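Chain by chain, the residues:
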Amino acid sequence: QTQSFAGAGSVVNKSQQIIFATTEHAQRTLTAISAAHAAVERRRGERIPDWAHRDVLYMLIDQSQRAYGLLHEPLSAVQREDLYATFLDLGRGLNIPDLPENFARWQQDRERHLERDLAYSTFTERLYQQYRLHLGAWRYRLLLEVQALLVPPRVRHLLRLKPGSLAGASVDLYAFVGSLGIHPLVRRALVPRPYWSDIGRLEHGTGIAH
């Protein structure tokens, strides 16, 4: 369970390296991701299904636009297309099949997925138990409230999430401190100490070890 935080950070960080990198660097990152996936498949003795890769990609697309809208303003139509084009290149680089050609078609497919494929299960319950264990009480509460602001309505309903005053105030504060250049200090307050080195790698673009 301890590795779950580093693993999630690794996915986001690798995506960041691809999106903001040169073509050559992006390709090296894609190769590293594919190699990591292959290693997992060898350990498990089975192939990671395409739908699992697609789920993560769709989540990153959705969370990227929602987070930007929360901290700044909703993306314009052109910005949404640019965002999707970037992630489409990422998905194709990872050989994920049957990805929609544009943002509008992705949005339709995303809605079908949310209604058809999501469920609250015992695994969901265990995951949130681990969140609480590793984050502690106040960070866990903040996590739930921030998720309530970011996730689609369908997910919010399944997880029984409710936006609260703590998250709203925290988001406003986080947006404000960006102008002061103290984001690293805030991130270290929000993240448990064992993961500070991972946060440091994210901030300096050096990646997170698997």
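To be clear, the structure that these remarks concern was listed above.
For the structure given in this document, a descriptive report is provided here.

Reading the values: rules and limits
Residues numbered from 1 in each chain as written. Predicted model: local features only at pLDDT ≥ 70, side-chain atom pairs only at ≥ 80, totals over all residues. Heavy atoms only, no water. Salt bridge = Lys/Arg side-chain N within 4 Å of Asp/Glu carboxyl O. Helix = DSSP H or I, 4+ residues; strand = E, 2+ residues; numbered from the N terminus. Buried < 20%, exposed > 50% of the residue type's maximum accessible area, 1.4 Å probe, protein only. Core = buried A, V, L, I, M, F, W, Y, C linked by side-chain atoms within 4.5 Å.

Side note on the pattern of salt bridges
Alright, step 1. A complete count under the given rule lists seven salt bridges for this structure.
Alright, step 2. As a salt-bridge pair, Arg66 and Asp62 come within 2.8 Å of each other at their nearest N and O atoms. Of this pair, Arg66 and Asp62 both sit in helix α3 (residues 50–71), four residues apart, which is roughly one turn of the helix.
Alright, step 3. Take Arg66: its relative accessible area is 27%, and that puts it in the partly exposed class.
Alright, step 4. Relative accessible area serves as the criterion here: at 3%, Asp62 is assigned to the buried category.
Alright, step 5. Linking Arg112 and Asp109 is a salt bridge whose minimum nitrogen-to-oxygen distance equals 3.4 Å.

Details of the nonpolar core
Alright, step 1. Leu57, Ile61, Tyr84, Phe87, Leu99 and Trp106 are the most contacted members of the largest nonpolar core, which totals 16 residues.
Alright, step 2. Counting residues per element, the ones that place at least two in this core are α3, α4 (77–93) and α5 (103–117).
Alright, step 3. Looking at this core element by element, the count peaks at five residues for α4.
Alright, step 4. With five residues, the next largest nonpolar core counts Leu114, Ala148, Val155 and Leu161 among its residues.

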